[in-house]
Amino acid sequence: MKKIFCTVLAAVLMLSVFTACSQKPENQPSAESGSTVNFGLQFTYDAAYADYNGSVVSAFESLCDAVVNFESNVRMNMYLYDNVMRLFYTSFPLNVLVKDIKVSEDNSGVELTYLYDKEIHTNAVNEFSAKVLQMKEECLQDSDSKEAYIIKAYHYVASHINISDDATIMLYDTVMKGEGSSYSYSSLFEYLLLQNGIPAYHVIADGENGGGWGVAQFEMGGFLYFADVMSEYYANGGEQLTCFGMTTQEIAKDALSKPQYTDQTGAKEATDVTFDFCRACTAWEIKDNKLLVTNNDGIVIKYAL
């Protein structure tokens, strides 16, 4: 079954989230473009950390901005260091371009070194940004509401990303190569939501035989839902919505248990059953700001967005 992942692998993935040494991206950036930064994305972070205070968020944004601009030093209050690093390694995909982060000798901030020279680094930043913005633009087309955008973002990732042979693949390489694991499928869906101001949470659950599996949790219409993006790809090539808008009970029926956030706290309960009609989805479309889902019996269910 698709959810049988090695428990050791899941532990490695969790460790890599918080390590101070980035996993080198598989997709080696080139130096074909110029050295002018053209980064059009927001510095967003996992909604599981929404209670972090403004000082932490500001320091996180300064660190991200430094990476985008190939800067070597960032001033930072060291009392904030642990929380800033947690945001950086859980929520900023370009952390993979950083070779090392060290606390400066006078404890006034951190010093960064990078994997590549400035020209190659800047090209990687620009290309990543351009690809994500293109994805976002496609999801925004004919989307009259954030609800429609969420559904289109889910469908985009489920239908455009292929399965990677590398179960440890990071979000950066998923964007650049168009392939991923359950973790990076979910991460890309979450990232697209966060880029449009929609709260999203990265969730790691126990799958069959205790292996790990990545799912997303998101807010829509005042309720929390789960989305198992990679399972949608497995089930139907990502063309339907059978794993969209799931409850905690529904993911449990799909052999996923003990869902938790990247801070290792239990994921909030998702109890709203609005989208249970999607489990039998055989066709769908968004028309006149309504979601129209055709079920196994040929009945069309309408949901106002």
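Please read all numbers here as calculations on a predicted model, not as lab measurements. (Residues numbered from 1 in each chain as written. Predicted model: local features only at pLDDT ≥ 70, side-chain atom pairs only at ≥ 80, totals over all residues. Heavy atoms only, no water.)

(A) Broad picture of helix α8 (residues 229-236). Of all the residues in α8, the buried ones are V229, M230, S231 and E232. Taken together, the buried residues of α8 touch α5 (146-160), β4 (162-163), β5 (179-180), α7 (182-194), β7 (212-220) and β8 (223-227). Once α8 ends, the next one or two residues include G237, with phi positive near 70°. (Buried < 20%, exposed > 50% of the residue type's maximum accessible area, 1.4 Å probe, protein only. Helix = DSSP H or I, 4+ residues; strand = E, 2+ residues; numbered from the N terminus. Contact = heavy atoms within 4.5 Å.)

(B) Region of interest: the side chain of S104. Locating S104 in the fold gives a position in the loop between β2 (98-103) and β3 (109-114). With a relative accessible area of 8%, S104 lands in the buried category. Discounting chain neighbours no more than four positions away, the residues touching S104 are G109, V110 and E111.

(C) Focus on the sheet that holds strand β10 (residues 283-287). Taken in spatial order, the 3 strands make up an open sheet running β10-β11-β12, and their pairing is antiparallel. Single-partner strands in this sheet number two, and they are β10 and β12 (300-304). In this sheet, adjacent strand axes meet at a mean angle of 20° when their direction is disregarded. Where β10 meets strand β11 (residues 290-294), 5 bridges bridge the pair, whose relative direction is antiparallel. (Pairing = 2+ DSSP bridges. Axes fitted to C-alpha atoms, helices over the stretch in contact; angles between N-to-C directions.)

(D) Spatial organisation of the pattern of salt bridges. This model, assessed by the stated rule, comprises 3 salt bridges. Linking K102 and D100 is a salt bridge whose minimum nitrogen-to-oxygen distance equals 4.0 Å. On the accessibility criterion, K102 (52% relative accessible area) is exposed. Note that R279 and E250 form a salt bridge whose closest N and O atoms lie 3.2 Å from each other. With R279 in the loop between β9 (257-261) and β10 and E250 in helix α9 (residues 248-253), this pair connects stretches of sequence that are 29 residues apart. (Salt bridge = Lys/Arg side-chain N within 4 Å of Asp/Glu carboxyl O.)

(E) Structural detail: unusual backbone geometry. The phi torsion at F70 lies on the positive side, around 60°, for a residue other than glycine. If you trace the backbone, F70 turns up in the loop between α2 (54-68) and β1 (73-75). Exposure remark for F70: the relative accessible area of 23% places this residue in the partly exposed category. In the Ramachandran plot, Q264 falls in the positive-phi region, its phi being about 70° despite a non-glycine side chain. Topologically, Q264 is positioned in the loop between β9 and β10.

Any functional reading would require information that these geometric values do not contain.
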